Amino acid sequence: MKKILDLYKHHEEIINYLIVGVLTTIVSLAVKWGLLFTILDASNAFELQTSVIISWIIAVSFAYITNRIFVFKSKSQNILKEITSFFGSRVITLLLDMGIMWFFVTLLKLNTDTWVFIWTMVVQVLVTILNYIFSKLLVFKKK
């Protein structure tokens, strides 16, 4: 048990980041599906995109709060700057996600279920790594 605790303490930030990431994904999916199975209609393109936007805003807000408190343990008094940097970096990785998926799935027509799954996983790994780097170096940087 001591070895596990020592391992956790040695890699606490990264482990907490991955836990928060899983929870953020759950929040995002719960909000999106909650909206689509209650008040919004997935067959309506506008309502579908509305659910995506609302779930992204709520998930990124959740991610900011949990990353600030549990992962990076920020004590910054300039919360507005932190929030702006956090959301800005998440917009960058969102656009990267969209661009990569467009390039490989739409433009190159690698659009079978298998290829969509593969590119989704590749993008998720890349986005997770970049979000961590942006958060560590730009948003919650230590003085």
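Refer to the structure presented above.
### Looking at the overall build of the chain
Reasoning step 1: Within the chain, the secondary structure is distributed over five helices and zero strands.
Reasoning step 2: For the chain, the succession of helices and strands along the chain, N to C, is α-α-α-α-α.
Reasoning step 3: With the C-alpha coordinates aligned to their principal axes, the bounding extent of the chain is approximately 50 × 30 × 30 Å.
Reasoning step 4: Expressed as a percentage of the 143 residues in the chain, the buried residues total 27%.
Reasoning step 5: Distance from the positive charge centre (14 side chains) to the negative charge centre (8 side chains) of the chain: 13 Å.

### Looking at the packing of helix 1 (residues 2–10) against helix 2 (residues 12–36)
Reasoning step 1: Packing of helix 1 against helix 2 brings their axes to within 5 Å, and their N-to-C directions diverge by 85°. As far as their axial angle goes, helix 2 and helix 1 are roughly perpendicular. Within the contact between the two elements, helix 1 uses L7, Y8, K9 and H10 and helix 2 uses E12, I15 and N16.
Reasoning step 2: Grouping the amino acids of the contact of helix 1 with helix 2 by side-chain chemistry returns three nonpolar, two polar and two charged.

### Describing the nonpolar core
Reasoning step 1: Core analysis: the biggest nonpolar cluster contains eleven residues, these being Y17, V20, V60, A63, Y64, V71, F72, F86, Y132, V139 and F140.
Reasoning step 2: Of all the secondary structure elements, the ones that give two or more residues to this core are helix 2, helix 3 (45–71) and helix 5 (113–139).
Reasoning step 3: The contacts of Y132, once residues within four sequence positions are left out, are E13, I14, Y17 and F72.

### Details of the packing of aromatic side chains
Reasoning step 1: Evaluation of the coordinates by the stated rule reveals eleven aromatic pairs.
Reasoning step 2: Measuring from centroid to centroid gives 6.0 Å for W56 and F87, while their planes differ by 80°, and the two rings are edge-to-face. One end of the pair, W56, is in helix 3; the other, F87, is in helix 4 (residues 79–107), with 31 residues separating them in the sequence.

### A short note on unusual backbone geometry
Reasoning step 1: Although it is not a glycine, K73 adopts a positive phi angle of roughly 50°.
Reasoning step 2: Turning to its location among the elements, K73 is positioned in the loop between helix 3 and helix 4.
Reasoning step 3: Under the relative-accessibility criterion, K73 is labelled partly exposed at 38%.
Reasoning step 4: Positioned with a positive phi, K109 is a non-glycine residue whose angle comes to about 60°.
Reasoning step 5: Counting through the fold element by element, K109 comes out in the loop between helix 4 and helix 5.
Reasoning step 6: Taking the relative accessible area as the measure of exposure, K109 reaches 62% and is therefore exposed.

The rules behind these values
- Residues numbered from 1 in each chain as written.
- Predicted model: local features only at pLDDT ≥ 70, side-chain atom pairs only at ≥ 80, totals over all residues.
- Heavy atoms only, no water.
- Helix = DSSP H or I, 4+ residues; strand = E, 2+ residues; numbered from the N terminus.
- Buried < 20%, exposed > 50% of the residue type's maximum accessible area, 1.4 Å probe, protein only.
- Lys, Arg positive; Asp, Glu negative; His and termini not counted.
- Charge placed at Lys NZ, Arg CZ, Asp CG, Glu CD.
- Axes fitted to C-alpha atoms, helices over the stretch in contact; angles between N-to-C directions.
- Parallel < 35°, antiparallel > 145°, perpendicular 65-115°, else oblique.
- Contact = heavy atoms within 4.5 Å.
- Nonpolar A, V, L, I, M, F, W, Y, C, P; charged D, E, K, R; others polar.
- Core = buried A, V, L, I, M, F, W, Y, C linked by side-chain atoms within 4.5 Å.
- Phe/Tyr/Trp six-rings, centres within 6.5 Å; stacked < 30°, edge-to-face > 60°.

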